[in-house]
Amino acid sequence: MFKKIIIFLLITAAIGGAIGYYVWHKPPRTAEDEKPFATLSADALFTEFSADEVAATAKYLNKVIEVSGKVADIKKDASGNTDVTLETSDILGTVVCTLKIGANADGTEVGTTVALRGICTGYLTDVILNQGVVAKKNPQ
């Protein structure tokens, strides 16, 4: 009986270790290879969140969305990631997309129009997208 318990514990530990190894080394989810749930302008997205944050959060949270708009700012954050800010018609709010590690905003300048694809993580006076990529430069 004691041998069966030891064998069971060893098998359970091996399975647990394999699962832990897989989860630890799994690459993060990015918006690069996923089809967007929605494609809309930065102004439309911000308006949805500012009008009804609860409904917009339920609709877009953790979903890949593609947002187009005029670039208001490009900067590096404290972690060295690139943040691209799209302006909206509201002077107090913007859409901020943090690009995934390794993605760059080359050729994207303040004042140009771009389409960014990212995972929506919510609304904190600005709509926040993470793990983003530049989908198109100068979209029509």
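How each quantity is defined
Residues numbered from 1 in each chain as written. Predicted model: local features only at pLDDT ≥ 70, side-chain atom pairs only at ≥ 80, totals over all residues. Heavy atoms only, no water. Phe/Tyr/Trp six-rings, centres within 6.5 Å; stacked < 30°, edge-to-face > 60°. Helix = DSSP H or I, 4+ residues; strand = E, 2+ residues; numbered from the N terminus. Buried < 20%, exposed > 50% of the residue type's maximum accessible area, 1.4 Å probe, protein only. Axes fitted to C-alpha atoms, helices over the stretch in contact; angles between N-to-C directions. Parallel < 35°, antiparallel > 145°, perpendicular 65-115°, else oblique. Contact = heavy atoms within 4.5 Å. Nonpolar A, V, L, I, M, F, W, Y, C, P; charged D, E, K, R; others polar. pLDDT = per-residue confidence, 0-100. Salt bridge = Lys/Arg side-chain N within 4 Å of Asp/Glu carboxyl O. Pairing = 2+ DSSP bridges. Core = buried A, V, L, I, M, F, W, Y, C linked by side-chain atoms within 4.5 Å.

What follows is about the packing of aromatic side chains. Per the stated rule, a full pass over the model turns up four aromatic pairs. Each ring, one from F37 and one from Y60, has its centre 6.2 Å from the other, and the planes form 80 degrees; the classification is edge-to-face. Of this pair, F37 sits in the loop between α1 (2–25) and β1 (38–41) while Y60 sits in helix α3 (residues 53–60), and the two are 23 residues apart along the sequence. Here Y60 falls in the buried class, since its relative accessible area comes to 2%. Ring centres of F46 and Y123 lie 5.9 Å apart, and the angle between their planes is 55 degrees; this geometry places the pair in the tilted category.

Further remarks concern the packing of helix α2 (residues 42–51) against α3. Two elements in contact, α2 and α3, have axes separated by 5 Å at closest approach and are oriented at 125 degrees. In terms of orientation, α2 lies oblique with respect to α3. Note on element contacts: α3 touches α2 through E53, A56, T57, K59 and Y60, opposite L45, E48, F49 and A51. Residues that form the contact of α2 with α3 fall into these classes: five nonpolar, one polar and three charged.

Below, the discussion takes up the confidence of the model for the chain. Residues of the chain with pLDDT of at least 70 account for 94%, and the chain-wide mean is 86. In the model of the chain, strand β6 (residues 127–137) stands out as the element of lowest mean pLDDT, 83, in contrast to α3, which has the highest, 92.

On to the side chain of T94, then. Mapped onto the elements of the fold, T94 is located in strand β4 (residues 94–99). Looking at T94, the relative accessible area reads 17%, which means it is buried. When residues no more than four places from it in sequence are discounted, the contact partners of T94 are F46, T85, L86, E87, T88, T125, D126 and V127.

For the coordinates displayed, the defined rule picks out two salt bridges. With its nearest N and O atoms 3.5 Å apart, the salt bridge here joins K59 to E48. Here E48 lies in helix α2 and K59 lies in helix α3, a separation of 11 residues in the sequence. Residue class for K59 comes out partly exposed when judged on its relative accessible area of 38%. Judged by its relative accessible area of 28%, E48 falls in the partly exposed class. The residue E66 makes a salt bridge to R117 at a minimum N-O spacing of 3.1 Å. With E66 in strand β2 (residues 64–76) and R117 in strand β5 (residues 113–123), this pair connects stretches of sequence that are 51 residues apart. A relative accessible area of 6% means that E66 is categorised as buried. Its relative accessible area of 17% is what places R117 among the buried residues.

Turning to the pairing of β1, a few remarks are in order. Taking every second residue as pointing to the same face, the buried face of β1 carries A38 and L40, while none of T39 and S41 on the other face is buried. For β1 and β2, the ladder comprises four bridges, and the chain directions are parallel. Bridging across to β2, L40 finds its partner in V67.

Looking now at the nonpolar core. A general tendency of soluble globular proteins is for nonpolar side chains to be buried together. Judged by nonpolar contacts, the single largest core of 22 residues is most densely connected at L45 and Y60. Those elements giving two or more residues to this core turn out to be β1, α2, α3, β2, β3 (82–87), β4, β5 and β6. Once residues lying within four places of it in the same chain are set aside, the contact partners of L45 are L40, Y60, I65, V67, V95 and V127.

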